[in-house]
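# Descriptive analysis of the structure
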Amino acid sequence: MGKIAKGSRKGKKAWGANISTEDIEDFFEQSNKDALSGGSLSQLPNDSLFYVDNSKDLSVKRKIEKHREKVLRCDSVLQKNPFVRALPSSKPKQKKKSKKENKDVVKEKDETRDGQKSDGASASGMVDIWANEGEGDNPKKVPKPSVIPAVEVEASGCSYNPTFESHQESLAQAVAEEMQKVYRKELGPEPVPITVPGEVINDEDRYFLEVDNGSDDENVENLSENQDTGNENRSRKTKKVTRVELNKRERHKELHRKEAEAKKREELSKQIDSLPNIIEEITKEDEEKQKRHIRRVVAMQERLKVRPPRLGKHKFEPAPTQVLLSEEITGSLRKLKGCCTLVKDRFKSLEKRGLIVPVKGKRK
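Residues numbered from 1 in each chain as written. Predicted model: local features only at pLDDT ≥ 70, side-chain atom pairs only at ≥ 80, totals over all residues. Heavy atoms only, no water.

A few words now on the side chain of K352. Mapped onto the elements, K352 comes out in helix α11 (residues 342-352). Leave out the neighbours within four places in its chain, and K352 touches I148, E152, K305, V306, R307, P308 and F316. (Helix = DSSP H or I, 4+ residues; strand = E, 2+ residues; numbered from the N terminus. Contact = heavy atoms within 4.5 Å.)

On to the packing of aromatic side chains. Overall, the coordinates contain one aromatic pair when judged by the stated rule. Between the aromatic rings of F27 and F28, the centroid separation amounts to 6.0 Å while the plane-to-plane angle is 65°, which identifies the pairing as edge-to-face. (Phe/Tyr/Trp six-rings, centres within 6.5 Å; stacked < 30°, edge-to-face > 60°.)

Our next topic: the confidence of the model for the protein chain. Summary statistics for the protein chain give a mean pLDDT of 76 and a share of 67% for residues scoring 70 or more. Ranking the helices and strands of the protein chain by mean pLDDT puts helix α7 (residues 164-187) first, with 91, and helix α6 (residues 99-123) last, with 58. (pLDDT = per-residue confidence, 0-100.)

Time to look at the packing of helix α9 (residues 243-273) against helix α10 (residues 275-306). Between α9 and α10, the shortest axis-to-axis distance is 5 Å and the interhelical angle comes to 70°. Between α9 and α10, the angle is such that the two are roughly perpendicular. Facing α9, whose interface residues are Q271, I272 and D273, α10 presents L275, P276 and I278. Its residues assigned to classes, the contact of α9 with α10 comprises four nonpolar, one polar and one charged. (Axes fitted to C-alpha atoms, helices over the stretch in contact; angles between N-to-C directions. Parallel < 35°, antiparallel > 145°, perpendicular 65-115°, else oblique. Nonpolar A, V, L, I, M, F, W, Y, C, P; charged D, E, K, R; others polar.)

Among the surface-exposed residues, L268, I272, L275, I278, I279 and I282 lie close enough to one another that they form a single nonpolar patch of about 550 Å² accessible area. For the nonpolar patch, the secondary-structure elements that each account for two or more residues are α9 and α10. Top contributing element to the nonpolar patch by residue count: α10, with four residues. As for its position among the elements, I278 is in helix α10. (Patch = residues over 30% accessible without salt bridge, like charges linked within 9 Å, V, L, I, M, F, W, Y side chains within 5 Å. Areas by Shrake-Rupley, 256 points an atom, 1.4 Å probe, with all protein chains shown as cover. Salt bridge = Lys/Arg side-chain N within 4 Å of Asp/Glu carboxyl O.)

Our focus in this paragraph is the pattern of salt bridges. In the structure shown here, the tally under the stated rule is three salt bridges. The shortest N-O distance in the salt bridge between E261 and R257 comes to 3.4 Å. With E261 and R257 both in helix α9 and four residues apart, the pair spans about one turn of that helix. Among the residues examined, E261 registers a relative accessible area of 35% and is labelled partly exposed. One salt bridge in this structure joins K348 and E351, with 3.8 Å as the shortest N-O distance. Here E351 and K348 lie together in helix α11, a separation of three residues that amounts to about one turn. Given the relative accessible area of 26%, K348 is considered partly exposed. (Buried < 20%, exposed > 50% of the residue type's maximum accessible area, 1.4 Å probe, protein only.)

Taken together, the side chains of E280, E281, E285, D286, E287 and E288 make up a negatively charged region of the molecular surface. Looking at the element boundaries, E281 is found in helix α10. Overall, E281 belongs to the partly exposed group, its relative accessible area being 49%. (Lys, Arg positive; Asp, Glu negative; His and termini not counted. Charge placed at Lys NZ, Arg CZ, Asp CG, Glu CD.)

A word on a positive patch on the surface. Positive charge collects at one region of the surface, where K181, R184, K185, R303, R307, R310 and K315 lie side by side. The element contributing the most residues to the positive patch is α7, with three residues. Looking at the element boundaries, R307 is found in the loop between α10 and α11.

Now the structure itself:
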């Protein structure tokens, strides 16, 4: 490479024409950068630029313990969700505790739960649903046990070999039930007929009926017109009320009002005098009401023993008593006729206890 051509120096003005200004430009750029970054690094002390690392390396035992504390990915996913329990294989083994320690732990848990409930209820009024491990604070409503037993023992007269008296009693009961059904059908109200019997009306008869209806309407209109005219005449004949008559009416009203006030005062004085009698009457009425309430409760309990409460559209109809006729009594189980009443008996028992809604029997 050739040498750099020097500029001409033929005068003082030409001396400074080819002088380089790169150093000055670099200085200004560096000063601008330092001003924007917060200052030059050459002016900062050594303590702010450098520091001494005094930490020591972990021991081998600590490294092993730290490695054991690490949790697998599958276990960490399960731990994040509080509603999912970890598998028993991934749980650490726990030491067996003595009975005293277990009792102390249970007591501590109960105390903490009570404290959490009281704090939560007092602070925000909200209750933690998941506090009792899936069991809500509001327990499920348990249905009341029915008074009627699941298996009822029938009367002794319904057995395969009953005594004569018990058999006659059960037969009389069955006959009474059947007669009640017959009497209800005979004495009950007749159902509304779907169709009304009658004869077809001819065109001529219909014409006469229409004419009669028209004459009746005309008579009614004439009567109404006569009544209107009579009312007008009466209104015309009314006399004017004078001032003397108005004053008399006002006096009569005042007299009636004063008499009514006097009667009220007399009644009040009589009631005040008869206060002890009124108190006795009130106490008697309260006693009667209590007795009526007790009777209703007892009647309701007795009714529940016989029939269930009303659950659906249809009422519960008890099954007829299963009694053998005097001809069918053989005295031995071998000669007894078989009948499929077990399923019906169980179904009626469920209906009677209020576990199933009673359904109206449909015969095919």
